[in-house]
Structures are given as C-alpha cells and as structure tokens.
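Structural features, examined
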Amino acid sequence: MTEFEIIVIFSLISFITSFITSVASVGGGMIMLASLGQFFSPNALIPLHAVIQVSNNLSRAFLFRKHIAFALFKRVLVGSAIGSLFGVLFFSLVSEDLILGLIGAFILWMLFFKTSLKAITNNLSDSFCGALSAGVGMVVGANGPVVSAFLAAKDMQSKELIATHGAIMVCQHLLKIIAFITVFKFALLDFLPLIICTTFTGFMGAWVAKKFLDKIPQNIFDKSLKLLLFLLALTMMYRALGQ
C-alpha cells in the first residue's frame, strides 16, 4: 500500500473516529488505535495515535470549551504527569508483540467488562485516576476509556462531559508524544503529511457531530461500534501471535 493510500484511509478514519468520540465520548480513539495497529508496530502506532488524537480531542475541547470543568481537569493533569513516567518505564521493558496483544486484550475488556473499570475508578481520587489513565495510555494507547469511566461517575451534563474528556485527552496524549520523541526517538516529522490530513478531517468530524449530536439513534450506534471494535481487537491479537 502506498503512502498516499494510507493517508486517504486514515484521513477518513480520523473523520469517523472524531465523530464517534464527539457523540459517545469513547470508542473513536480505540478504533483509530486498532486501525493503526493493522499497519504499524507499537513503537510507531502509540505515538502516532497520540498525535492524531491530540488534534481530534483539541477540536472537541475547543468547540465545547465553555463547558470544561477546569477544577477537575487540573487535578487529573497532576496525576497524569506521574502516571506517564511509570508507563514509559513499563513500555521500555516489554516486547512489541506483547504490547500489541495487550492493546487487543484491553479493547476486548472494554467491550465486555466495562462496568468493572467503572467500579475501580469510582473509588479513586481525581489525581490517582489521572495517573492510572495516563499510565495505561502510555502502554496500550487507549487511555480514553479509563477517563470516560471516571467522568461517568461525576454529575455532568453531556456537553460538560465531552469538553472535559477532550481537554484531559489532549494533555495526556501530549505527554505521550513528548515521551516517545525523547525516550524512544519517534520520528514525528516522517508522518507530517498524515498528521496534517487527519487533523483536518478530525476537526470536520467533531464539527459534524456537534450539529447532529441529538439526532443519532443511540442503540444502533452502540451496537455497530462494539462489533467494529471486536473485529479490530481480534485482528490485533492475531498479529501479536506472529501469524
């Protein structure tokens, strides 16, 4: 597959995943992560996923900026910085195949045992949840579900939830990018055309979602999302086994 074809494919995926995350506050990032996992190794897919998700979440945070819960956001950010350090250490000690398998397993866990994550995060402080989600994100890429489970226990309206989730994701993904560039020498500029295109289509996805947020049949949307994530997770675990 040529570079141009990859850019076109992931630009479309970026639009779809940004739309999904703007509607459901979760799911889009995991689809992007699993999609990248079909083409790239963990050393590239996790920071690349972070770069793409920064732009998508920044779009949501900007469009819904008036609804960000800043006091909560600051506490989570402090914990995120600490959790990122532990995540980098773990990532450096394990193999790429194991990381790929962990990503697939984490997605499946989110699909079938999501309530267990809510039970864990409900009893943790804001800062500790920041540390947990950032650490998980550094290893498996998908920190969004952890943050979503944590925020779900808060008394928030949908727009406040979307905005705060987006702001936290921007900061945690930025920490991830900095870590992979400085520690693992990720060549960010090599992927610049892909990043620019996915940034633009990601913003458009968030903009479209804002217009149609209240007009989407939630039941059909949720079932389609789960099926897609299930298939993508299985293919990642298949790759992890070296098949």
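Along every chain, residues carry numbers that run from 1 in the direction the sequence is written. Local features in a predicted model are, by the rule used here, given only for residues with pLDDT of at least 70; side-chain atom pairs are given and counted only at 80 or more, and totals for whole chains, interfaces and linings are based on all residues. Hydrogens are left out, water is left out, and the side-chain values use all remaining heavy atoms of the structure.

1. Thoughts on unusual backbone geometry
With phi around 60 degrees, Lys 185 is a residue other than glycine that occupies positive phi space. Only DSSP runs of H or I with at least four residues qualify as helices, and only runs of E with at least two residues qualify as strands; both kinds are numbered from the N terminus onward. Mapped onto the secondary structure, Lys 185 falls in the loop between helix 9 (158-182) and helix 10 (192-212). We call a residue buried when its accessible area falls under 20% of the maximum for its residue type, exposed when it is over 50%, and partly exposed in between, using a 1.4 Å probe and counting protein chains only. Its relative accessible area of 63% is what places Lys 185 among the exposed residues.

2. Considering the pattern of salt bridges
In the sections that follow, a salt bridge refers to a side-chain nitrogen of Lys or Arg positioned within 4 Å of a carboxyl oxygen of Asp or Glu. As enumerated under the stated definition, the model contains two salt bridges in all. The salt bridge involving Asp 126 is made with Arg 75; its shortest N-O contact spans 2.6 Å. Of this pair, Asp 126 sits in helix 7 (residues 126-140) while Arg 75 sits in helix 4 (residues 70-91); the two residues are 51 residues apart in sequence, bridging distant segments of the chain. What makes Asp 126 buried here is its relative accessible area of 11%.

3. Details of the environment of Gly 202
Along the chain, Gly 202 turns up in helix 10. The exposure class assigned to Gly 202 is buried, which follows from its relative accessible area of 0%. Between the C-alpha atoms of Gly 202 and Ser 158, which are 44 residues apart in sequence, the distance is 20 Å.

4. Overview of a positive patch on the surface
Only residues whose relative accessible area exceeds 30% and that form no salt bridge are eligible for patches; like-charged ones are grouped when within 9 Å, while nonpolar side chains (Val, Leu, Ile, Met, Phe, Trp, Tyr) are grouped when within 5 Å. Here the accessible surface of atoms and residues is derived via Shrake-Rupley with a 1.4 Å probe, and residues count as covered only by protein chains that are part of the display. Charged-residue counts in this description rest on Lys and Arg as positive and Asp and Glu as negative, His and the chain ends being excluded. For this purpose, a charge sits on NZ of Lys, CZ of Arg, CG of Asp or CD of Glu. Together, Arg 65, Lys 66, Lys 159, Lys 210 and Lys 211 make up a positively charged patch on the protein surface. Summarising the element assignment, Lys 210 is placed in helix 10. Lys 210 gets classed as partly exposed once you look at its relative accessible area, which sits at 41%.

5. Here we look at the side chain of Asn 143
In this structure, Asn 143 sits in the loop between helix 7 and helix 8 (144-152). What makes Asn 143 buried here is its relative accessible area of 1%. What qualifies as a polar contact is a pair of N or O atoms within 3.5 Å, subject to a donor-acceptor requirement within protein and to the restriction that residues adjacent in sequence count only when both atoms come from side chains. At a separation of 2.7 Å, a polar atom in the side chain of Asn 143 contacts the side chain of Gln 172. One polar contact links Asn 143 to Lys 176, side chain to side chain, over a distance of 3.4 Å. Contact definition: two residues touch when any of their heavy atoms are within 4.5 Å. With residues up to four places along the chain from it excluded, the contact list for Asn 143 reads Ser 133, Gly 137, Met 169, Gln 172, His 173 and Lys 176.

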